[in-house]
Amino acid sequence: METTAHIATARNDEHYIETLATLSYGSVHKRFDPYVDISWDDPDFAVRADDERWILPPSDPFGAHPWYRALPKERQIHIGMWRQANVAKVGLQFENILIRGLMQYVFQLPNGSPEFRYCTHESIEECNHTMMFQEVVNRIGMDVGGMRTWVKYVGPLVPFLAGIFPEWFFVMVLAGEEPIDHAQKTLLRAGAEAHPMIERVMSIHVAEEARHISFAHNYLENAVPRMGRFKKFVLSLVFAPTMRIICDLIAVPTRKFRRDCDVPREVVNEVFWNSPESRKVLRDFFADVRMLAHELDLMNPIARLLWKISRIDGPASRYRSEPAR
């Protein structure tokens, strides 16, 4: 349970309170509704099996692989549609778990808690994202499964962590949000011609996830320095493995992808994460959270070893959302 001392200290932290008020203001005045702000019935949004805009660009880790680039266009399109649909399904599954965790977290907050309003705003936005992502899946028409089957059994346990160890829960939040945000920003910055439905969904998601990621960073910056020594040490040990495990659940395709799209296992393994290029992509996902871990004094010798074992060590960002160097 979050201690009364933490709540009292947070109330007195003017910068933290102002930041949460600014984020809440953005959620009220700079928000999107998936059924108002996306022109689903625009003719240009139509899903066609011969539309070359579904071909994955080189800025996508899978799209850059020589095996994929050598395929006939029909198969490139099919795999591109399957991958985009599954990415959307994974996103809505992760955000469903996140929503449940946020609701568990706010349920126990006392009156006057500075986090209550923003976390509720974020939950509403994430609900909109799940509808937006499911609409993408339905319109593409691929019967994708999203994450691995066992997640639906373990997922319900995660929200309980938000009540007993909220700092770890918000590390999990970043573990899911940072790789998705990094990948989508990379695709948008690359300027490749993507299907307009996907491009619109990504642009909305990136805009609102910026607030969600900012809150998780600010929450941890406020909460971790107030933790006891032992609990902080535990957090330092679980930080990197949490990042890597959740990243793999989100990014690495399942056997259903290999089977439905007839993709060799060695190709998937090379893309995630056995080649030098893919290992760099993996490390780049976590440059911002490495910066956060340094700032929060969570990089002790054992933690550094765990970052290395998890293969997500490397230089930290100089500022949040810095493009990969």
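Look a little higher up for the structure.
Okay, so let's go over this structure. From a predicted model like this one, the values you see are computed outputs, not experimental measurements. (Residues numbered from 1 in each chain as written. Predicted model: local features only at pLDDT ≥ 70, side-chain atom pairs only at ≥ 80, totals over all residues. Heavy atoms only, no water.)

Notes on the overall build of the protein
What the protein contains, in helices and strands, is 15 helices and zero strands. Computed over C-alpha atoms, the radius of gyration of the protein comes to 20 Å, within 12% of the 20 Å expected from 2.2 N^0.38 for 325 residues, which places it in the range of a compact globule. With the C-alpha coordinates aligned to their principal axes, the bounding extent of the protein is approximately 60 × 45 × 35 Å. In the protein, 79% of the contacts between residues at least 6 apart in sequence involve partners at least 24 apart. Just so you have it, the protein exposes about 15200 Å², and 57% of that area is on carbon and sulfur atoms. Positive and negative charge centroids in the protein, built from 39 and 42 side chains respectively, lie 6 Å apart. (Helix = DSSP H or I, 4+ residues; strand = E, 2+ residues; numbered from the N terminus. Rg over C-alpha atoms; globule rule 2.2 N^0.38 Å. Contact = heavy atoms within 4.5 Å. Areas by Shrake-Rupley, 256 points an atom, 1.4 Å probe, with all protein chains shown as cover. Lys, Arg positive; Asp, Glu negative; His and termini not counted. Charge placed at Lys NZ, Arg CZ, Asp CG, Glu CD.)

Topic: the environment of asparagine 86
Within the secondary structure, asparagine 86 is located in helix α4 (residues 73–107). Note: C-alpha distance between asparagine 86 and phenylalanine 133 (47 residues apart in sequence) is 9.6 Å. Excluding residues within four positions of it along the chain, asparagine 86 makes contact with Val144, Gly145 and Gly146. Within polar-contact distance, the side chain of asparagine 86 engages the backbone nitrogen of glycine 146 at 2.8 Å. (Polar contact = N/O pair within 3.5 Å; in protein donor to acceptor, adjacent residues only side chain to side chain.)

What to know about the state of the cysteines
What we call a disulfide is simply a covalent bond connecting the sulfur atoms of a pair of cysteines. Evaluation of the coordinates by the stated rule reveals zero disulfides. For cysteine 127, which is in no disulfide, the shortest distance to another cysteine sulfur is to cysteine 119 and amounts to 13 Å. (Disulfide = S-S within 2.5 Å.)

Looking at the packing of helix α5 (residues 115–140) against helix α9 (residues 196–223)
Relative orientation of the contacting elements α5 and α9 amounts to 155°, with a least axis distance of 11 Å. As summarised for this structure, α5 and α9 are arranged roughly antiparallel, according to the angle between their axes. Read as a crossing pair, α5 and α9 show a hand that is left-handed. For the pair α5 and α9, the contacting residues are Glu115, Tyr118, Cys119, Glu122, Glu125, Glu126, His129, Met132, Phe133, Val136, Arg139 and Ile140 in the first and Met197, Ile198, Val201, Ile204, His205, Glu208, Glu209, Arg211, His212, Phe215 and Tyr219 in the second. (Axes fitted to C-alpha atoms, helices over the stretch in contact; angles between N-to-C directions. Parallel < 35°, antiparallel > 145°, perpendicular 65-115°, else oblique. Left-handed = near helix turned anticlockwise from the far one by under 90°.)

Comments concerning the packing of helix α8 (residues 166–190) against α9
Between α8 and α9, the shortest axis-to-axis distance is 9 Å and the interhelical angle comes to 145°. As for the relative orientation of α8 and α9, their crossing is left-handed in sense. Its residues assigned to classes, the contact of α8 with α9 shows 16 nonpolar, five polar and seven charged. (Nonpolar A, V, L, I, M, F, W, Y, C, P; charged D, E, K, R; others polar.)

A closer look at the side chain of serine 113
Position of serine 113 relative to the elements: it lies in the loop between α4 and α5. Within the local environment of serine 113, its side chain forms a polar contact with the side chain of glutamate 115, the two groups lying 2.8 Å apart.

Examining the packing of aromatic side chains
Under the defined criterion, the tally for this structure stands at 17 aromatic pairs. Summarising the aromatic geometry, the rings of tryptophan 82 and phenylalanine 257 are spaced 5.2 Å apart at their centres and angled 50° between planes, so their arrangement reads as tilted. One end of the pair, tryptophan 82, is in helix α4; the other, phenylalanine 257, is in helix α11 (residues 255–261), with 175 residues separating them in the sequence. For the pair formed by tryptophan 82 and phenylalanine 257, the shared burial category is buried. Seen from their ring centres, phenylalanine 285 and phenylalanine 286 are 6.3 Å apart, and the 85° between their planes marks the pair as edge-to-face. A relative accessible area of 0% means that phenylalanine 286 is categorised as buried. (Phe/Tyr/Trp six-rings, centres within 6.5 Å; stacked < 30°, edge-to-face > 60°. Buried < 20%, exposed > 50% of the residue type's maximum accessible area, 1.4 Å probe, protein only.)

Describing helix α10 (residues 229–251)
Here α10 is 23 residues long and its end C-alpha atoms lie 33 Å apart, about the 33 Å a rise of 1.5 Å per residue gives. The sharpest bend along α10 comes to roughly 35°, located at valine 238, with the proline proline 241 sitting one to four residues further on. (Expected span 1.5 Å × (residues − 1). Bend = angle between axes of the 7 residues up to and from the residue.)

Brief notes about the pattern of salt bridges
Counted by the stated rule, this structure contains 16 salt bridges. Note that aspartate 44 and arginine 53 form a salt bridge whose closest N and O atoms lie 3.2 Å from each other. A relative accessible area of 18% means that arginine 53 is categorised as buried. A network of salt bridges, in which partner residues are shared, links Asp44, Arg48, Asp50, Asp51 and Arg53. (Salt bridge = Lys/Arg side-chain N within 4 Å of Asp/Glu carboxyl O.)

Quick notes on the nonpolar core
Membership of the largest hydrophobic core comes to 94 residues, with the highest contact counts inside it found for Phe62, Phe170, Phe215, Leu220, Met243, Phe286 and Trp307. The residues contacting methionine 243, other than those within four sequence positions of it, are Val171, Leu174, Ala175, Phe286, Val289 and Ile312. (Core = buried A, V, L, I, M, F, W, Y, C linked by side-chain atoms within 4.5 Å.)

Description of α9
Between its terminal C-alpha atoms α9 stretches 40 Å, which fits the 40 Å expected from 28 residues at 1.5 Å a residue. At glutamate 209, α9 shows its maximal bend, which comes to roughly 30°. Most of α9 is tucked away: 22 of the 28 residues are buried.

Quick word on a nonpolar patch on the surface
Taken together, Trp150, Tyr153, Val154, Leu157 and Phe160 make up a surface patch of nonpolar side chains, about 580 Å² in accessible area. Mapping leucine 157 onto the fold places it in the loop between α6 (151–154) and α7 (158–164). (Patch = residues over 30% accessible without salt bridge, like charges linked within 9 Å, V, L, I, M, F, W, Y side chains within 5 Å.)

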